[in-house]
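# Survey of secondary and tertiary structure
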Amino acid sequence: MSKKTIAWILAAVVLGVSYFGYQYWQQLQSALPQGIASGNGRIEAKLVDVVAKEPLRVQELRVDEGDLVKPGEVLVLLDTATLQAELEEAKLNVAATQEKVAVAQAAIVKTESEIRLAKIEVRRSSALVAERAGSQRELDVRNAALQTTSAGLQENQAMLRTLGQEVRVAEAKVATVQTRIDDATLKSPILGRVLYRLVEVGEVLGPGGKALTLVNLNDVYMEIFLPAEQAARLKIGAEARILLDVRPDRPIKGYVSFVSPEAEFTPKQVETRSEREKLMFRVKLRVPEKTVETYIDIIKTGVRGVGYVKADDAASWPASMQNAL
């Protein structure tokens, strides 16, 4: 065998040993420490529908699919021309009723003045009758006039109370119509991203009709599945890490927010220990809201990755997961 052939064989052996050594080193690097469990999953979030409370025509759409929206941001404007007319009518009704109240109040003031005058006349007539300088008939007329005027005062006061109630009803009507107008401005209740735009300008939404569907970025999580032995050791609030396929170099902090009390994958018959070990339980890893808000462009729903959890509080994260977002 020539020296050249031997050199080629040695080179091939060295190359092979180097390759397999590197693969072994990679396995050691990726091996999880004792007490750390993992599972595949994807980033998910709760969905929130933006709906109309009553049938109105879509006047303006201010967002499109994929847009990031903040709490209180105006998303859709509905046509409120009819409601505006109702509001003006309700306001005019309030003004008219308030005018009636003013008239009733003036009538009460007038009647109270008449009562005071009638009382003075009764006292004078009584004094004249006592001195035998006046007639009893005139005193009786004065007393009757006082009673009639007093009854008129009670009637006016009752009318004023009724008108006061009518004013409150009319004002409540104004407030109700104004609330309906305010509800026609559809705003985002959350920090989220527009997933679906379900209407176009000019369409009429029915009561409860959906205009948009938002992804709630205040409730972002990943669901993984772990064997019964590992799931049983998990605690609510236990530390977690999420590695996304698109950014494997940027682990994301999280925590265990839910462990299913029931197995998701169950064999037809569970009789042996090996079969019981096949039971898989759903585990929910929640991403803190502050993390989502800070790294909103990195954390997106639908992105797949791997979730890691501490099944043992004493376990330590590998170096690659120490500096998590």
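If you're wondering where the values come from, they're calculated on a predicted model, not measured in any experiment.

Tallying secondary structure elements over the protein gives six helices and twelve strands in all. Considering only intrachain contacts with a sequence separation of at least 6, the fraction spanning at least 24 residues in the protein is 77%.

It is worth spelling out the side chain of R286 at this point. Its place among the elements puts R286 in strand β11 (residues 280-287). What makes R286 buried here is its relative accessible area of 18%. Reaching out from R286, the side chain makes a polar contact with the backbone oxygen of N218 at a distance of 2.8 Å. Among the polar contacts listed, one links the side chain of R286 to the side chain of D219, at a separation of 3.3 Å. Setting aside chain neighbours within four positions, we find R286 in contact with N218, D219, V220, Y221, G254, Y255 and S257.

Within the secondary structure, S260 sits in strand β10 (residues 247-265). On the basis of relative accessible area, S260 is assigned to the buried category, the value being 8%. Each residue touching S260, except ones within four places of it in the same chain, is listed here: F281 and R282.

What follows is about the environment of E262. Relative to the elements of secondary structure, E262 occurs in strand β10. With a relative accessible area of 59%, E262 lands in the exposed category.

Moving on to the nonpolar core. Core analysis: the biggest nonpolar cluster contains 29 residues, and L226, I242, L285 and V309 have the highest contact counts within it. At the level of elements, β1 (36-51), β8 (210-227), β9 (239-244), β10 and β11 are the ones that each hand at least two residues to this core. Examining the composition of this core, we find that six residues originate from one element, β8, more than from any other. Of all hydrophobic cores here, the second largest spans 28 residues; its members include V48, V174, A184 and I190.

Take the pattern of salt bridges next. Under the criterion given, the structure shown has 14 salt bridges. For the salt bridge of R286 with E289, the shortest nitrogen-to-oxygen distance reads 3.9 Å. Through salt bridges with shared partners, a single ionic network connects K46, D219, R286 and E289.

So, on to the packing of aromatic side chains. Throughout the structure, instances matching the rule amount to zero aromatic pairs. The aromatic ring of Y221 is capped on one face by K284, whose charged end is 4.2 Å from the ring centroid.

Through backbone hydrogen bonds, the strands of a sheet pair up, either in parallel or in antiparallel fashion. Taken in spatial order, the four strands line up as β5-β4-β2-β7 in an open sheet, and their pairing is antiparallel. Of all the strands in the sheet, the pair left with one neighbour each is β5 (185-187) and β7 (204-205).

You can see L186 is positioned in strand β5. Residues L186 and L212, 26 residues apart in the sequence, show an inter-C-alpha distance of 9.7 Å. Sequence-distant contacts of L186, defined by excluding residues within four places in its chain, comprise V50, V51, A52, E73, V74, L75, V76, L78 and A211.

For strand β4 (residues 74-78), a buried count of four out of five residues is recorded, marking the element as mostly surrounded by other parts of the structure. Here three bridges tie strand β2 (residues 56-61) to β4, and the two strands are oriented antiparallel to one another. Directly across from L61, in β4, lies its bridge partner V76. Sheet topology places β4 next to β5; three bridges connect them, and they run antiparallel. Following the sheet pairing, V76 is matched in β5 by L186.

Once that is clear, we can look at the confidence of the model for the protein. Averaged over every residue, the pLDDT of the protein is 81; residues scoring 70 or more account for 83%. The model gives residues 17-30 a pLDDT under 50, and that stretch makes zero contacts with residues more than four places away or in other chains. Scored below 50 in pLDDT, residues 267-273 makes eight contacts in the model with residues more than four places away or belonging to other chains.

Another point: the pairing of strand β12 (residues 304-310). Burial of β12 is extensive: six of the seven residues sit out of reach of the surface. Pairing of β1 with β12, which is carried by seven bridges, proceeds in the antiparallel orientation. The partner of I36 across the bridge, within β12, is K310. With five bridges joining them, β9 and β12 adopt antiparallel strand pairing. Note that in β12 the partner of L243 across the bridge is V306.

Further remarks concern the environment of V94. Counting through the fold element by element, V94 comes out in helix α2 (residues 81-130). Using a relative accessible area of 10% as the deciding quantity, one classes V94 as buried. Ignoring any residue separated from it by four or fewer positions in sequence, one finds V94 in contact with A170, E171 and V174.

Procedures and definitions
Residues numbered from 1 in each chain as written. Predicted model: local features only at pLDDT ≥ 70, side-chain atom pairs only at ≥ 80, totals over all residues. Heavy atoms only, no water. Helix = DSSP H or I, 4+ residues; strand = E, 2+ residues; numbered from the N terminus. Contact = heavy atoms within 4.5 Å. Buried < 20%, exposed > 50% of the residue type's maximum accessible area, 1.4 Å probe, protein only. Polar contact = N/O pair within 3.5 Å; in protein donor to acceptor, adjacent residues only side chain to side chain. Core = buried A, V, L, I, M, F, W, Y, C linked by side-chain atoms within 4.5 Å. Salt bridge = Lys/Arg side-chain N within 4 Å of Asp/Glu carboxyl O. Phe/Tyr/Trp six-rings, centres within 6.5 Å; stacked < 30°, edge-to-face > 60°. Lys NZ or Arg CZ within 6 Å of the ring centre and 35° of its normal. Pairing = 2+ DSSP bridges. pLDDT = per-residue confidence, 0-100.

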